[in-house]
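Now for the letters of each chain:
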Amino acid sequence: MDSKLEEWMEKAFELASKELELGEVPVGCVFVYDNKITAEGRNSVNETRNPTRHAEINCIDQVMEWCRETKRDWRSVFSKTRVYVTVEPCVMCAAALHNLKIEQIVYGCHNDRFGGCGTVMDVASLYENPVPTISGVQEKRAMKLLQQFYDGINPNAPQPKVKKRKRKEQETE
Amino acid sequence: MSDTTSYDAANESDGWHIEAVLGPEYSEPVRTVDAVVDVVVDRRHTSRLVQDLQRLCPIPSLRHLKRVCPDGRILIQLATDSPGHEGSDSEKNSSRTSKCSPSPQECKNKRSFSETVTDSDSGPQDGPTSSEQLYSTSKSVLLDEQKNERALPRGLDASGLRGRPERCAVPASPPLTRAQFTHAQRLWSCNFHPSRAVEAALAPGAGVHGARRAALLAALRACYRTSAKSAAAAVHPHDGSLVALAVDARDEHPLQHAAMRLVDLVARTQCGGVWTPLPKEEIKESVSNACGKDSLPYLCTGLDVVMTHEPCAMCAMALTHARARCVFFSEDNSNCGVLYSLSPPLQTLPGLNHRLQVFHAYLPEGKR
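Parameters at a glance
Residues numbered from 1 in each chain as written. Chains lettered and ligands numbered in written order. Predicted model: local features only at pLDDT ≥ 70, side-chain atom pairs only at ≥ 80, totals over all residues. Heavy atoms only, no water. Buried < 20%, exposed > 50% of the residue type's maximum accessible area, 1.4 Å probe, protein only. Helix = DSSP H or I, 4+ residues; strand = E, 2+ residues; numbered from the N terminus. Pairing = 2+ DSSP bridges. pLDDT = per-residue confidence, 0-100. Salt bridge = Lys/Arg side-chain N within 4 Å of Asp/Glu carboxyl O.

(A) View of the pairing of strand β8 (residues 242-247) of chain B. Residues and elements named next belong to chain B. The element β8 is largely enclosed, with a buried count of five among its six residues. Two strands pair when backbone bridges link them, and strand β7 (residues 231-235) and β8 are joined in this way by five bridges, in the antiparallel orientation. Across the sheet, residue A234 finds its bridge partner in β8, namely A244. In this sheet, strand β9 (residues 282-283) lies alongside β8 in antiparallel orientation, the contact comprising two bridges. Within β9, the position partnered with L245 by the bridge is E282.

Here it is in structure tokens:
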């Protein structure tokens with residue numbers, strides 16, 4: 001068991017809380033290599049208009065940049081990197097992390113919409129040597145952050161039809 | 001390997017075969033499982049019997065079935081030797097079916113029998129008298145006298161029942177297509193939630209035709225012309241123009257598969273994007289200059305994505321996040337493809353908030 005697991009998760013939660021204030025999806029993520037943080041991720045989907053810019057993907061980009069700067073081999077760095085994220089990585093991010101042969105994934109709450117660690121799809125089953133994964137760390141806290149976000153409105157997302165109808169009804173009332 | 005359903009128009013002169021890809025479960029005949037059934041002879045007891053049975057022996061794996069057929073047959077429980085009896089398999093199945101099918105209890109409350117028996121071939125519709133004929137078609141067999149005792153659950157008030165339980169094959173899983181539904185209805189009254197996407201893909205003449213077909217094949221040729229390891233392009237649904245074309249750069253960066261780069265290039269046309277475009281890549285000029293005025297409302301919404309290779313889980317999900325309308329690929333990828341080579345394929349998973357339409361395009365002789 002990772003002795004500093006709680007500490008790294010705490011860091012991820014701090015990042016997620018900051019996101020909530022900025023109006024992005026509150027997901028926090030840290031990559032830890034050799035007991036040091038090599039990347040701190042936040043979701044930047046709205047900012048970049050790129051729906052793949054999840055916290056994990058941004059972290060991977062940061063680690064790639066760090067490897068380039070410090071002239072390290074990214075393959076060996078990722079194989080000794082542990083990932084701490086407040087929400088279950090989506091199918092895309094989970095596949096990316098398994099591809100990179102990360103040392104370990106630790107996450108908080110499940111992701112009912114796109115979870116790739118068994119919720120929507122078990123991406124690990126596609127791999128011969130999947131990344132060991134720990135789930136449910138401070139689950140309630142992570143869930144609460146997400147709920148707070150979805151109670152607000154994402155101005156860039158297309159309006160679901162149901163809401164439109166509701167709004168019309170409200171207007172006619 | 002996933003099955004494909006071919007409605008390819010032979011009159012298309014370009015020589016390509018374009019098939020809509022659905023999982024094998026969409027073309028398979030209805031699987032059945034044996035259940036113990038009886039007949040309600042006094043209809044005044046139907047409501048109570050359904051409630052009692054639901055309480056005494058719920059059948060989570062058969063939630064897609066109505067407890068009572070219009071002809072009066074009533075589902076008692078799974079046959080003792082059936083797979084899934086007493087919860088061995090039923091737990092797994094129930095988690096899948098529970099989301100889309102209301103419980104028999106709910107069905108009863110909604111009185112939804114009438115809507116599911118409109119098919120002419122679903123058997124006689126009224127009165128327990130006519131049910132005798134139906135037994136022969138659904139191959140039910142009288143149970144052994146010894147087993148008879150066990151066939152009715154303990155504690156059930158059997159008044160209103162004929163009291164002669166029989167064995168009967170019933171659909172084991174919810175029907176996914178109208179054809180399966182029609183078949184399943186012949187066996188037992190059944191819930192059906194048609195998916196517009198699935199029905200569209202299965203409709204005769206479905207597929208890609210005319211100008212759209214020409215535009216997609218032109219984009220595919222453009223992808224091959226890059227002579228990159230793999231390439232992907234986004235095609236505008238209105239005029240068939242190329243919005244962006246991306247090539248694979250995974251050797252330099254593990255995330256930069258063609259589809260991942262493509263989503264980023266499309267973001268660039270909307271004044272976003274993170275990665276620098278590569279020399280071989282293309283971005284539609286008019287869009288990138290107009291920035292936001294002419295661009296699509298959100299991400300890749302409605303765009304058709306053309307790929308030389310079947311995408312992996314990361315790329316397929318990236319395209320799902322981007323809400324691409326369809327993915328049209330040429331070469332399947334048995335190592336890590338998830339839209340065709342995986343069973344069930346990603347686009348059929350329940351729970352995803354966006355469903356990709358998938359087409360597999362190939363030349364029959366392998367020529368290009």
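Additional details are given in the paragraphs that follow.
(B) Highlighting the confidence of the model for chain A. A residue-level look at chain A finds 86% of positions with pLDDT of 70 or above and a mean pLDDT of 87. Across chain A, the element-wise mean pLDDT spans from 55 in helix α7 (residues 161-172) of chain A up to 96 in helix α5 (residues 91-99) of chain A.

(C) Inspection of the pattern of salt bridges at higher detail. All told, the structure shown has 22 salt bridges over all chains when counted by the stated rule. A salt bridge links K11 of chain A to E40 of chain A; the shortest N-O distance between them is 3.7 Å. Here K11 of chain A, found in helix α1 (residues 5-22), pairs with E40 of chain A, found in strand β2 (residues 36-42); they are 29 residues apart in sequence, far enough to count as distant. Using a relative accessible area of 34% as the deciding quantity, one classes E40 of chain A as partly exposed. With its nearest N and O atoms 2.8 Å apart, the salt bridge here joins D248 of chain B to R250 of chain B.

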